[in-house]
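What follows is the residue order along each chain.
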Amino acid sequence: VELDNDMYENGVWKPGKVPIAVIMISLNEGHNLNDVCENLSGWAHEVFLVDSYSKDETIDIALNYGIRVVQRRFRGFGDQWNFALNELDIKSPWVMKLDPDERLTDELKINISNVISENQYDAFSLKRRLWFMGKSLSIHQKLIRVWRPGVCRFSDVDVNEHPIIDGNVGHVKGDLEHRDSPNLDHWLEKQNRYSTLEAEIAYKNKPLSDEQIFFGTSLQRRMWLKRNFYKVPFRYFFLFVYHYLFQGAIRSGRVGYIWARLRLEVMRLVEYKQFEMKILNKTPTKRFYGPGKPDNRVKNFN
């Protein structure tokens, strides 16, 4: 697939001071685009967006800021990210994966700028801090998000893709704030879609992001737990203890308790949906959310 630079005629992104290309993928992320663009303004040299045919104002906002936008049908998260890495016309010597609902703290911006200038590593991990109901939680996730062009590919999975790095990985200090959803209604709708994808992966026995080895790498251990979680007795009790006590949701009061409880319900949805697929011997038919365009074959009342 060749990308024509003439498609970027609607605006011009003013290159920031850090030689890094930030890439995002989107579907109806208009509620996040203004804030994330402001967050990157003056910092990122390039910003790209691969959009899956949004129906809201996502494209309008992105073009207004001068982001380089392309559209492509969504086939899976791993597939979409591999397309972005392989086909976008990236000029910067560094690349960063960013979700539209994530924000870089000033500390993280400064530290990324410093570590990439040292040229000691091929990629960097960082800590992402979770937000829920508009409040930051005492929960962090370690993720690889920055790398040199050509050293990264993504696991080709439908959801919960992971970067696979061919090189040395360092770590950069500072928080990436994951401001997950604007409200609980949005969060639940998103989890409903994600849990269906996870159930389909289990039902069809699709490959995971890595081998399932309990005594392997951190990712391999996670994949083993993912494949065997539903065989574990008292699994939801242990999962709640893990989220609430070991991850530290207890330090975030009632919001932390609600988040920990809802994480259990998402896992239950995956289990119940997979069970339903086995009973019906099929996966759910594709749903279309939101209204479409008027059909001229029938009478229309505005």
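Residues numbered from 1 in each chain as written. Predicted model: local features only at pLDDT ≥ 70, side-chain atom pairs only at ≥ 80, totals over all residues. Heavy atoms only, no water.

J.: Could you give an account of the pattern of salt bridges, naming the residues involved and the relevant values?
T.: All chains considered together, the criterion is met by 17 salt bridges. Here R72 makes a salt bridge to D79, at a shortest N to O gap of 2.8 Å. Taking the relative accessible area as the measure of exposure, D79 reaches 22% and is therefore partly exposed. Between R179 and E177 there is a salt bridge, with its nearest N and O atoms 2.6 Å apart. (Salt bridge = Lys/Arg side-chain N within 4 Å of Asp/Glu carboxyl O. Buried < 20%, exposed > 50% of the residue type's maximum accessible area, 1.4 Å probe, protein only.)

J.: Please give an account of the nonpolar core that cites residues and values.
T.: Ranked by size, the top nonpolar core spans 33 residues in total, and within it L40, W43, I67, M96 and I112 carry the most contacts. For this core, the secondary-structure elements that each account for two or more residues are strand 1 (18-26), helix 1 (30-40), strand 2 (44-51), helix 2 (58-65), strand 4 (94-97), helix 4 (106-118), strand 6 (123-132) and strand 10 (169-179). When residues of this core are assigned to their parent elements, the largest contribution, five residues, is made by helix 2. Residues in contact with M96, not counting those within four places in the same chain, are I20, A21, V22, I23, W43, L104, I112, L126, R145, V146 and L176. Counting 25 residues, the second largest nonpolar core, distinct from the first, contains V50, F83, I90 and L219. (Core = buried A, V, L, I, M, F, W, Y, C linked by side-chain atoms within 4.5 Å. Helix = DSSP H or I, 4+ residues; strand = E, 2+ residues; numbered from the N terminus. Contact = heavy atoms within 4.5 Å.)

J.: Can you explain the environment of L104? Please cite residues and give values.
T.: Here L104 is to be found in strand 5 (residues 102-104). With relative accessibility at 4%, the residue L104 sits in the buried group. Sequence separation of L104 and R128 is 24 residues, and the distance between their C-alpha atoms is 9.3 Å. If near-sequence neighbours (up to four positions away) are discounted, L104 is found in contact with N39, L40, W43, M96, L98, K109, I112, D175 and L176.

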